[in-house]
Structures are given as C-alpha cells and as structure tokens.
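# Geometric and topological summary
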Amino acid sequence: MRKYEVVVIIDPDVDDRQVNGLLDKPLAGLTKAGGTVDQTDVWGRRRLAYQIKKKSEGIYVVVNVTAEPAVVKELDRQLTLNEQILRTKVIRPDLH
C-alpha cells in the first residue's frame, strides 16, 4: 500500500454542493478494493493557467489516498470518464 495525492479539477459549471457527490462513486470503488481515503480537501474555484475545454476556471479538489497502484490507476480511469471532470493528476508525495 502506498500513499497518493490525487488532484482533480472539476468543471466550474458544477454547483459547489455537488462537488463531493461527484467524487463519491469513484472513491467508494477505491475503498471497496481495499484502499483508504485519508483526506479530502476542496480548494474551491481557482483560475487556470490555460484554458481547458474553453474554461478559464476550475474547482480544485485534493484527495489523499492509500492504496495499491492498480487501484489508484482504476480510480484515475473512473475520474477521467466523467465529463464534468476537466483534469486529474496522481502524485506520489513520498518521491518529492
């Protein structure tokens, strides 16, 4: 089991109250596969450095998880399938 930091940028058109609900299903799959969600931190709306899908803002969410590499890869795949999620980035903080 390794620690990972998953940064998710969500479409700014999504209502702020729906942000946690958007991540519930993929994170439930992670916990079902034996991983744990250590912390979820919603940073809120931030200006993007460059436009993504013609959007200049995004809602940033940082999720700290502990799981096997294959489980995190599946989580990333599930997140990218969602149309309301603009970008994802998986980081191993212990390597920095």
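Reading the values: the criteria
Here, residues in each chain are numbered from 1, in the same order as that chain's written sequence. pLDDT decides what is reported in this predicted model: residues at 70 or higher carry local features, side-chain atom pairs at 80 or more are listed and counted, and totals for whole chains, interfaces and linings draw on all residues regardless. Derived side-chain values reflect all non-hydrogen atoms in the structure, with water molecules and hydrogen atoms excluded from consideration. UniProt positions are given in the numbering used here, feature names are shortened, and annotations may be inferred rather than shown by experiment. For helices, the axis comes from a line fit to the C-alpha atoms of the stretch in contact; other axes are also lines fit to C-alpha atoms, and the angle between any two N-to-C directions lies between 0 and 180 degrees. Secondary structure elements follow DSSP: runs of H or I of four or more residues count as helices, runs of E of two or more count as strands, with numbering from the N terminus. Our angle categories are set so that under 35 degrees counts as roughly parallel, over 145 as roughly antiparallel, 65 to 115 as roughly perpendicular, and the remainder as oblique. Whether a crossing is left-handed or right-handed is set by the direction in which the near helix is turned from the far one by less than a right angle, anticlockwise for left-handed and clockwise for right-handed. A contact between two residues is defined here by any heavy atoms of the two lying within 4.5 Å. Ten residue types, Ala, Val, Leu, Ile, Met, Phe, Trp, Tyr, Cys and Pro, are classed as nonpolar, four, Asp, Glu, Lys and Arg, as charged, and the remainder, Gly among them, as polar. The working definition used for a salt bridge is a side-chain nitrogen of Lys or Arg within 4 Å of a carboxyl oxygen of Asp or Glu. Burial classification: accessible surface area is computed with a 1.4 Å probe over protein chains only, and a residue below 20% of its type maximum counts as buried, one above 50% as exposed, and the rest as partly exposed.

Labelled according to an unreviewed UniProt entry, the chain appears under the name Small ribosomal subunit protein bS6, originating from Propionicimonas paludicola. The annotation that UniProt attaches to the chain under Sequence similarities (unreviewed entry) is "Belongs to the bacterial ribosomal protein bS6 family."

## A short note on the packing of helix α1 (residues 19-32) against helix α2 (residues 69-81)
One can describe the packing of α1 onto α2 by two numbers: an axis separation of 9 Å at closest approach and a directional angle of 160°. The orientation of α1 with respect to α2, classified from their angle, is roughly antiparallel. As α1 runs across α2, the sense of the crossing is right-handed. Residues L23, P26, L27 and L30 of α1 touch α2, and the partners they reach there are V71, L75, Q78 and L79. Grouping the constituent residues of the contact of α1 with α2 by class yields seven nonpolar, one polar and no charged.

## Focus on the pattern of salt bridges
For the structure shown, the criterion picks out seven salt bridges. The partner of K55 in a salt bridge is D13, with the nearest N and O atoms 2.6 Å apart. Taken together, the residues span a long stretch of sequence, with K55 in strand β3 (residues 55-67) and D13 in the loop between β1 (2-10) and α1 at a distance of 42 residues. Measuring nitrogen to oxygen at the nearest pair gives 3.0 Å for the salt bridge that ties E74 to R77. You can see E74 and its partner R77 sitting in helix α2, three residues apart, about one turn around the helix. In this structure E74 comes out as partly exposed when scored by relative accessible area, which is 34%. Residue R77 is classed as partly exposed on the basis of its relative accessible area, which comes to 42%. One connected set of salt bridges, linked through shared partners, spans D11, D13 and K55.

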